[in-house]
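Working through the structure, step by step
What follows is each chain in one-letter form.
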Amino acid sequence: MRTAATAVISGVVGIAVGAAGWAVFGPEKTADTRTSPAVHASPAKRPATTAGARHYASAQDIADALDKAGFTVSMLHKDTESTYITQVGGTAYDFTVTDKAGQPAAGDSGINMFPNQQALAAWAELSKSMGGIAVTGDTWAVSLATGSDQARADSQRLAPRIAQALGGSVQR
């Protein structure tokens, strides 16, 4: 009886500590980036530096466009780490993208929303200098996974298709 009571108390305390930890540390990394349907804007064409590039108002709009184009997109969440993107006033999101339904992506990718074209251009040059593979538009970029040989091969294969789906251009 004493063992059962101890186990129950330990379980309740564990759940309480876990819930408190998630409440403090979890929501920002798992926040849903979807906007309400009344406010959700579909991608509108706008003049951009890349011929045919479309403007997307949010990372969720980009993820939705990729999904609509047949890609498997998952785990979109805001990246809370301080990076060049946040330092210039932009926002970074982590996600996975693949064209192989039912199979996990070879690595994590990112959607970066920049405040202006100059910040995006500076980031694109930095990404290329480090061997990155990205698709860019007017003030957004999809930074593809390059952490392993398989991720790099998948990203090189996917980049042109993602560029076509989003109306962007491949940066290598």
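Heads up: these notes are all about the structure in this document. (Residues numbered from 1 in each chain as written. Predicted model: local features only at pLDDT ≥ 70, side-chain atom pairs only at ≥ 80, totals over all residues. Heavy atoms only, no water.)

**Focus on the sheet that holds strand S4 (residues 91-98)**
In a beta sheet, neighbouring strands pair by backbone hydrogen bonds and run either parallel or antiparallel. Reading across from one edge, S3-S4-S5-S7-S6-S8 is the order of the 6 strands in this open sheet, with antiparallel pairing throughout. The open sheet has two edge strands, strand S3 (72-78) and strand S8 (169-171), and neither has a second partner. Across the sheet, the axes of successive neighbouring strands diverge by a mean angle of 25 degrees, strand direction being ignored. In terms of strand pairing, S4 meets strand S5 (residues 109-113) through 5 bridges, oriented antiparallel. Among the inter-strand pairings, Thr 91 is bridged to a residue of S5, identified as Met 113. (Pairing = 2+ DSSP bridges. Helix = DSSP H or I, 4+ residues; strand = E, 2+ residues; numbered from the N terminus. Axes fitted to C-alpha atoms, helices over the stretch in contact; angles between N-to-C directions.)

**Some thoughts on the pattern of salt bridges**
Evaluation of the coordinates by the stated rule reveals 5 salt bridges. Close ionic contact of Lys 100 with Asp 154 constitutes a salt bridge, the shortest N to O distance being 3.8 Å. Taken together, the residues span a long stretch of sequence, with Lys 100 in the loop between S4 and S5 and Asp 154 in helix H6 (residues 149-166) at a distance of 54 residues. Owing to a relative accessible area of 33%, Lys 100 belongs among the partly exposed residues under this scheme. Asp 154 gets classed as buried once you look at its relative accessible area, which sits at 12%. (Salt bridge = Lys/Arg side-chain N within 4 Å of Asp/Glu carboxyl O. Buried < 20%, exposed > 50% of the residue type's maximum accessible area, 1.4 Å probe, protein only.)

**Some words on the pairing of strand S7 (residues 140-144)**
Burial runs high along S7: 4 of the 5 residues are buried. Bridge count between S5 and S7: 4 bridges; the pairing is antiparallel. The partner of Met 113 across the bridge, within S7, is Trp 140. Relative to S7, strand S6 (residues 133-136) runs antiparallel, the two being bridged by 4 bridges. Within S7, the position partnered with Thr 136 by the bridge is Ala 141.

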